[in-house]
Amino acid sequence: MLEAPLAPYLLWAKSRDPAPIDLAGSNLQPCAIDDLPGAREALAIRAANDNGYRPLVEAIAAHYGIAESRVVSGTGCSGANFVAIAGLVGPGDEVLVEQPGYDPLVGASRLMGATIRYFARRFEDGYQLDVDRLAASVTPRTRLVIVTTPHNPTGCRIDEADLLALGALMAPRGWVLVDEVYLDGANLVAGRPATEGSAARLDGPFIVTSSLTKSYGLAGLKCGWSIASPMNAERLRRTRDVVENAGSAPADTLGVLAFTHLPKLAERTRRLLGRNVTLAREFFAGDHGLALAAAPEASVVFPRIIDPADADGDDFAERLLTRHGVAVAPGSFFGSAAHVRISLAGDSDSLALGFTKLTRL
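Predicted, not measured: the structure shown is a model, and the values here were computed from it.

J.: Just checking my understanding: could you explain the overall build of the chain for this structure?
T.: Along the chain, the regular secondary structure elements total 14 helices and 14 strands. Against the 2.2 N^0.38 benchmark of 21 Å for 361 residues, the chain shows a C-alpha radius of gyration of 20 Å, consistent with a compact globule. Based on the C-alpha atoms only, the size of the chain along its principal axes is roughly 55 × 55 × 45 Å. Burial status across the chain gives 56% buried among its 361 residues. When contacts within the chain are restricted to residue pairs at least 6 apart in sequence, long-range pairs at least 24 apart make up 73% of them.

Written out as structure tokens, the structure reads:
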């Protein structure tokens, strides 16, 4: 008999049937090869990347305005998260994880033998961190706190003051892993610099992860990274030695090319995601039986079903799919059964049509 999956959401996402209107994913509408001029010429099968492909490490460091010694390249944000967790915790350690939350972060921690404890990010607080409440869950065995900003699944950002408070809390005892894979896109939609508010620029026990996937439509490249203090970055490089050794030369060389075209890709993101965020704000301003904790600003939203008699996200998602061919992700996969997660990252016409179906459920 198979054991329970480490990441139930990902198992569902990979095994579910296709839907005519798919609002259940979260990757930005994918780029075509012609969105990266020179891609065919830049592609390489071999590249010196024993400790990360140097031009890619340089490009990531320049993106954040930080030292190259703080950058560890990885296979997507998921790969970077796994290497970070594998390098920081083991049996006997406790990991504090937000709820609602993204289950592969829990699964990776469990795979390393860590004990999972949860802390709430509450609808009533706009899903902001309550560091005092979180601190009550810290024990002498707590080694790692994991957060996402913008929050997966809600899309709500963490205030910098709360990140600083969290860093101060964990500095004597361990680390804070901050998954920022949605941050660039949210900043671009708001007209801010792509990395504004990143924990990568904060002092303290932070390990920041991200990629070119959610904000730039380049999921196929699996170009991700971690940012940490030089000492912790070296720890993660040595962890990567036994996880995957080195990156893929074709992905790394195309990743460098993507960074050279990042202004063009950023404009594409502003246009596509900006249009979809506007559609979502208009939709959720109406009375449709769904409530958000804050106005949409990232590529996912996590509405709560208002009617207590209908507040079953699994049933809601099933009826929406069966009756109208619209896929959304049930909130139970993220630890909040009375919610669904809706992607704002795809085709705008499909999103608009999906919203019209939501009004008829």
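What follows picks up the thread again.
J.: Please explain the sheet that holds strand S10 (residues 300-301) as it appears in this structure.
T.: Strand pairs in the sheet, formed through backbone hydrogen bonds, run parallel or antiparallel to each other. The strand order across the open sheet built from three strands is S10-S14-S13, with neighbouring strands paired in antiparallel fashion. Pairing within the sheet leaves two strands with one partner each, and these edge strands are S10 and strand S13 (329-330). As paired strands, S13 and strand S14 (residues 340-343) are joined by two bridges and run antiparallel to one another. If you follow Pro 330 over to S14, its bridge partner there is Val 340.

J.: Before we go on, may I ask you to explain the nonpolar core in this structure?
T.: A general feature of soluble globular proteins is that nonpolar side chains tend to end up buried together. Grouped together as the largest cluster of nonpolar side chains are 49 residues, with contacts concentrated most on Val 147, Leu 166, Leu 212, Tyr 216 and Leu 218. Looking at this core element by element, the count peaks at six residues for helix H3 (residues 54-64). In this structure, Leu 212 is in contact with Gly 217, Leu 218, Cys 223, Trp 225, Gly 255, Ala 258, Phe 259 and Leu 262, ignoring residues within four places of it in sequence. Listed in part, the 31 residues of the second largest apolar core include Tyr 102, Ile 207, Ala 291 and Ala 329.

J.: What exactly am I supposed to notice about the pairing of strand S2 (residues 71-75) here?
T.: Strand residues, when the strand is regular, have side chains that alternate between the two faces of the sheet. Counting buried positions along S2 yields four of five residues, so the element is predominantly enclosed. Judged from the five bridges that link them, S2 and strand S8 (residues 223-227) form a sheet pairing that is antiparallel. Each residue of the ladder has a partner; that of Gly 74, found in S8, is Gly 224.

J.: How do you make sense of the pairing of strand S7 (residues 206-211) when you look at a structure like this?
T.: Among the six residues of S7, six are classified as buried, and the element is accordingly described as predominantly covered. In S7, alternate side chains face the same way, and those of Phe 206, Val 208 and Ser 210 on one face and Ile 207, Thr 209 and Ser 211 on the other are all buried. Pairing between strand S6 (residues 175-179) and S7: four bridges, direction parallel. Within the sheet, the bridge partner assigned to Val 176 lies in S7 and is Phe 206. Where S7 meets S8, four bridges bridge the pair, whose relative direction is antiparallel. Residue Thr 209 lies in a different strand from S8, and its bridge partner there is Ser 226.

Rules used throughout
- Residues numbered from 1 in each chain as written.
- Predicted model: local features only at pLDDT ≥ 70, side-chain atom pairs only at ≥ 80, totals over all residues.
- Heavy atoms only, no water.
- Helix = DSSP H or I, 4+ residues; strand = E, 2+ residues; numbered from the N terminus.
- Rg over C-alpha atoms; globule rule 2.2 N^0.38 Å.
- Buried < 20%, exposed > 50% of the residue type's maximum accessible area, 1.4 Å probe, protein only.
- Contact = heavy atoms within 4.5 Å.
- Pairing = 2+ DSSP bridges.
- Core = buried A, V, L, I, M, F, W, Y, C linked by side-chain atoms within 4.5 Å.

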